[in-house]
Amino acid sequence: MSVGMKTSLWSNLKRVYAMVLSTSTGAGVLSLAYHWIEGLFPAFITWSTIHIVDEAEKMITGASHHLWFWCACMLSGYIVKELGVNLYSLFVNASVYEKVMNVARLKLYEKSARLPYITFEDARMMDKRQRAKECVDQEKISQIFVNTSQFIINIISIISIVGILSSYHILFLPISLASVAPYLIVRLLRGKEFDQIRKKQVGQERRKEYMWKVLSEKETQRELRVYNAKTYMQKKWQKNMMEVQEETQKHQRKETWQLLGCDGLNLLGYGVSMGMAVWLILQGEISAGAFSACAMAFLNVQNQVKNFLVDLGSLPGDIYLVSDYFDYLELPEEEDGRERALKPEEILFDRVCFSYPQAKERALDNVSFRLRKGEKIAIVGENGSGKTTLMKLLFRLYTPQEGKITVNGEDLEEWERKAYYGNLSVIQQQFVPYQLSVRENVGISDVKHLTEEERIRQCLAQCALQGSPFDEIDQRLGKRLGGRELSYGQWQKVAIARGIFKNAEWILLDEPTSALDPMTEAEILHQFLNIVQDKTAVIITHRIGLCTRMDRILVMRDGRIIQEGSHQELMAREGEYRTMFLKQGEWYRE
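On a predicted model such as this, the values are computed, not experimentally measured, just so you know.

Before going further, it helps to examine the overall build of the protein chain. Counting its regular elements, the protein chain contains 20 helices and ten strands. Each of the 590 residues in the protein chain was classed as buried or not, and the buried ones make up 46%. A separation of at least 24 residues holds for 75% of the contacts in the protein chain among residues at least 6 apart in sequence. Total accessible area on the protein chain is roughly 30700 Å²; 56% of this is exposed by carbon and sulfur atoms.

Pasting the structure below:
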């Protein structure tokens, strides 16, 4: 084991213990105390056995007066042990696992919420997050605490039993220990190799999970059935699963054969030890009680050493996984600016450039424009032109790699996120259908006003959401948790109502009505523009007809703004916008 690996192991062990003891202090301390006491139990049984057998031998000659006392001692010891095991499982073990898992999961969520949003566009970072999630889902932090606490039992048991064996003959010590030493070598080597395999499989596991989601989610079933593609997707999932499974099983088969060889050495060591014990009793050097205790002690010491070495051998693999979790928690977080009492009056993009991780081309290239309070701006362009990326920079989800975005003349990065977001309301094309009540689905955008039923109903009415189930404001929506299911178009209307409910000065819309029919879309958008006539609205839209009511239009292509102006100005000259407007007009006339 290298110095770096030792340092990593001990530093991560310290972090595990610090987290467990700070999360569940009482249960953690009791767990350690319990393991100390339980570690002495095998020695107590060995010691009691010696006295019971010796006293039984004396009873034959009538010289024993303490046999029942020692029997009562052993029975009492077993009763106390069983009570301790049950109490430990009921109060201590469950508390450690449940509390630590919940805290670890919460820390993972809170960390993800504080990371730069661009992190989730990087496949390598998603692999790291997957490993951290596996650590939480597999309860590795609690397992390491419990397993390393178990080392206390093993060490105390080994020392105490070996002390008894060595008092009869010193050769019992090396024979017992040497017979189980191969377990340490095998588990250390195989544990490290298995962890390397699991790290290599992270990307495959994420693909396998995605394939399973495609096969099992309700949203994908209709399309797979219509295209008769379910069998194709199932084969892709099975192929990915088999690749992972075969590699894992190959490792496990190799490890099984090696451990079988270790068991053979273990059995040989036990046979040699018992042969020595027989020789010693024949020589009259040990009593019948000591001989009986030796038979038990040999098995105990071998089992304890074996358990210790097996657990120790598997520890590096678990530590690697826990290390990924703690490393994820230490990733650089988003920097926040200072709190601002002022409200945004003007937002300026100044030669902004942005690229996604591992992308060869820029998503935005030298983009410059100005947004003024009270304006209605439309952003149009073909798919992939950079519209949504631009909006995400405006949301402050991404940070420009070149150029800058300023608010009221100050760099956007200097604004506190909470203060900036307080002035924005966002309606996205990829909205969230919350499996919550009607009230919460609308009011979650401004939770301080969740009790304002009349305002919620007004937002629903403005989005043509009336009647069942919207007349029951606390009716749960979505079938997943037993509520009323909505159509995709209804869910999109709910998302629009949510954006309207937050009484923000600036409203940003990214294709907010893409799932609605043209008549309903036109009605809601025109009504929406009436609602926000005193606010600032920035809308990404594919309905060029809406642009006639906008103050200004930005036309994008290949990550650049190629045209800017009012509807009248852009229609007066040849260009992308005029072509798009006339083409859409032909669709409706046809």
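The structure having been displayed, the exposition proceeds.
Side chains bearing opposite charge may pair, as long as their charged atoms lie close to each other. Here the structure, examined in full by the defined rule, presents 24 salt bridges. A salt bridge links Asp 324 to Arg 131; its shortest N-O distance comes to 2.7 Å. Taken together, the residues span a long stretch of sequence, with Asp 324 in helix H12 (residues 288-329) and Arg 131 in helix H5 (residues 123-137) at a distance of 193 residues. For Asp 324, a relative accessible area of 10% gives the class buried. Residues Asp 446 and Lys 448 are paired through a salt bridge, measuring 3.3 Å at the closest nitrogen-oxygen approach.

Each disulfide consists of a covalent bond between the sulfur atoms of two cysteine residues. Evaluation of the coordinates by the stated rule reveals zero disulfides. Sulfur of Cys 459: no disulfide; nearest cysteine sulfur belongs to Cys 463 and is 7.2 Å away.

Attention shifts here to the sheet that holds strand E10 (residues 560-565). Spatial ordering of the open sheet is given by E6-E7-E8-E3-E9-E10, a layout of six strands whose pairing is mixed. Strands with a single pairing partner mark the edges of an open sheet, and in this sheet they are strand E6 (424-427) and E10. The mean angle between the axes of side-by-side strands here comes to 15°, regardless of whether they run parallel or antiparallel. In the sheet, E6 pairs with strand E7 (residues 506-510) via four bridges, with the strands oriented parallel. Within E7, the residue paired with Ser 425 across the bridge is Ile 507. Against the sheet, helix H13 (residues 387-394) contacts strand E3 (376-381), E6, E7, strand E8 (536-540) and strand E9 (552-557), and its axis sits at roughly 150° relative to E8.

Our next topic: the packing of aromatic side chains. One pass over the full model with this rule turns up ten aromatic pairs. Aromatic side chains Tyr 325 and Phe 326 sit 5.4 Å apart centroid to centroid with 70° between the ring planes, which places their arrangement in the edge-to-face category. Each member of the pair Tyr 325 and Phe 326 is classed as buried. Look at Phe 349 and Phe 369: their rings are 4.6 Å apart centre to centre, the planes differ by 20°, and that puts the pair in the stacked class. Of this pair, Phe 349 sits in strand E1 (residues 346-354) while Phe 369 sits in strand E2 (residues 364-372), placing them 20 residues apart in sequence. Its relative accessible area of 1% is what places Phe 349 among the buried residues. Here the aromatic residues Tyr 117, Phe 354, Tyr 356 and Tyr 398 are joined through ring pairs into a cluster of three or more.

Attention now moves to the confidence of the model for the protein chain. Caution applies to low-pLDDT regions: their predicted coordinates should not be interpreted in detail. Per-residue confidence for the protein chain gives a mean pLDDT of 78, with 80% of residues at or over 70. Note on residues 1-7: pLDDT is under 50 here. Beyond four places in sequence and across chains, it has five contacts.

Turning next to unusual backbone geometry. Residue Pro 469 is reached from Ser 468 by a cis peptide bond, and omega for that bond is 5°. Mapped onto the elements, Pro 469 comes out in the loop between helix H16 (453-462) and helix H17 (488-501). Of note in the backbone geometry, Arg 351 takes a positive phi value of approximately 50° without being a glycine. Inspection of the secondary structure assignment puts Arg 351 in strand E1.

As a further point, take H17. Taking 1.5 Å per residue, 14 residues should reach 20 Å; H17 reaches 20 Å between its end C-alpha atoms and fits that length. Across the 14 residues that make up H17, a large majority, twelve, are buried.

Below, the discussion takes up the packing of helix H2 (residues 25-39) against helix H6 (residues 140-166). For the pair H2 and H6, the least separation of the axes is 7 Å and the interaxial angle reads 25°. The orientation of H2 with respect to H6, classified from their angle, is roughly parallel. Two packed elements cross with a definite hand, and for H2 against H6 that hand is right-handed. Across the interface between the two elements, Gly 28, Ser 31, Leu 32, His 35, Trp 36, Glu 38 and Gly 39 from H2 touch Phe 145, Val 146, Ser 149, Gln 150, Ile 152, Ile 153, Ile 156, Ser 157 and Ser 160 from H6. Looking at the contact of H2 with H6 residue by residue, the class counts come to seven nonpolar, eight polar and one charged.

Right, let's talk about a nonpolar patch on the surface for a bit. Where nonpolar side chains cluster on the molecular surface, the patch consists of Leu 75, Ile 79, Leu 83 and Leu 87 and spans about 400 Å² of accessible area. Mapped onto the fold, Leu 87 is located in helix H4 (residues 67-114). Its relative accessible area of 46% is what places Leu 87 among the partly exposed residues.

The geometry of H16 relative to H17 is characterised by a closest axis approach of 9 Å and an angle of 130° between their N-to-C directions. Judged by the inter-axis angle, H16 sits oblique to H17. Classified by chirality, the crossing of H17 by H16 is right-handed. On H17, the residues touching Arg 455, Ile 456, Cys 459, Leu 460 and Gln 462 of H16 are Ala 497, Ile 500 and Phe 501. Across the contact of H16 with H17, the residue classes tally to six nonpolar, one polar and one charged.

Our next topic: the pairing of E10. Across five bridges, the pairing between E9 and E10 is antiparallel. Counted as the bridge partner of Val 555 is Gln 563 from E10. Hairpin remark: E9 followed by E10, antiparallel, with two residues in the connecting loop; positive phi at Asp 558, about 55°.

What counts and what doesn't
- Residues numbered from 1 in each chain as written.
- Predicted model: local features only at pLDDT ≥ 70, side-chain atom pairs only at ≥ 80, totals over all residues.
- Heavy atoms only, no water.
- Helix = DSSP H or I, 4+ residues; strand = E, 2+ residues; numbered from the N terminus.
- Buried < 20%, exposed > 50% of the residue type's maximum accessible area, 1.4 Å probe, protein only.
- Contact = heavy atoms within 4.5 Å.
- Areas by Shrake-Rupley, 256 points an atom, 1.4 Å probe, with all protein chains shown as cover.
- Salt bridge = Lys/Arg side-chain N within 4 Å of Asp/Glu carboxyl O.
- Disulfide = S-S within 2.5 Å.
- Pairing = 2+ DSSP bridges.
- Axes fitted to C-alpha atoms, helices over the stretch in contact; angles between N-to-C directions.
- Phe/Tyr/Trp six-rings, centres within 6.5 Å; stacked < 30°, edge-to-face > 60°.
- pLDDT = per-residue confidence, 0-100.
- Expected span 1.5 Å × (residues − 1).
- Parallel < 35°, antiparallel > 145°, perpendicular 65-115°, else oblique.
- Left-handed = near helix turned anticlockwise from the far one by under 90°.
- Nonpolar A, V, L, I, M, F, W, Y, C, P; charged D, E, K, R; others polar.
- Patch = residues over 30% accessible without salt bridge, like charges linked within 9 Å, V, L, I, M, F, W, Y side chains within 5 Å.

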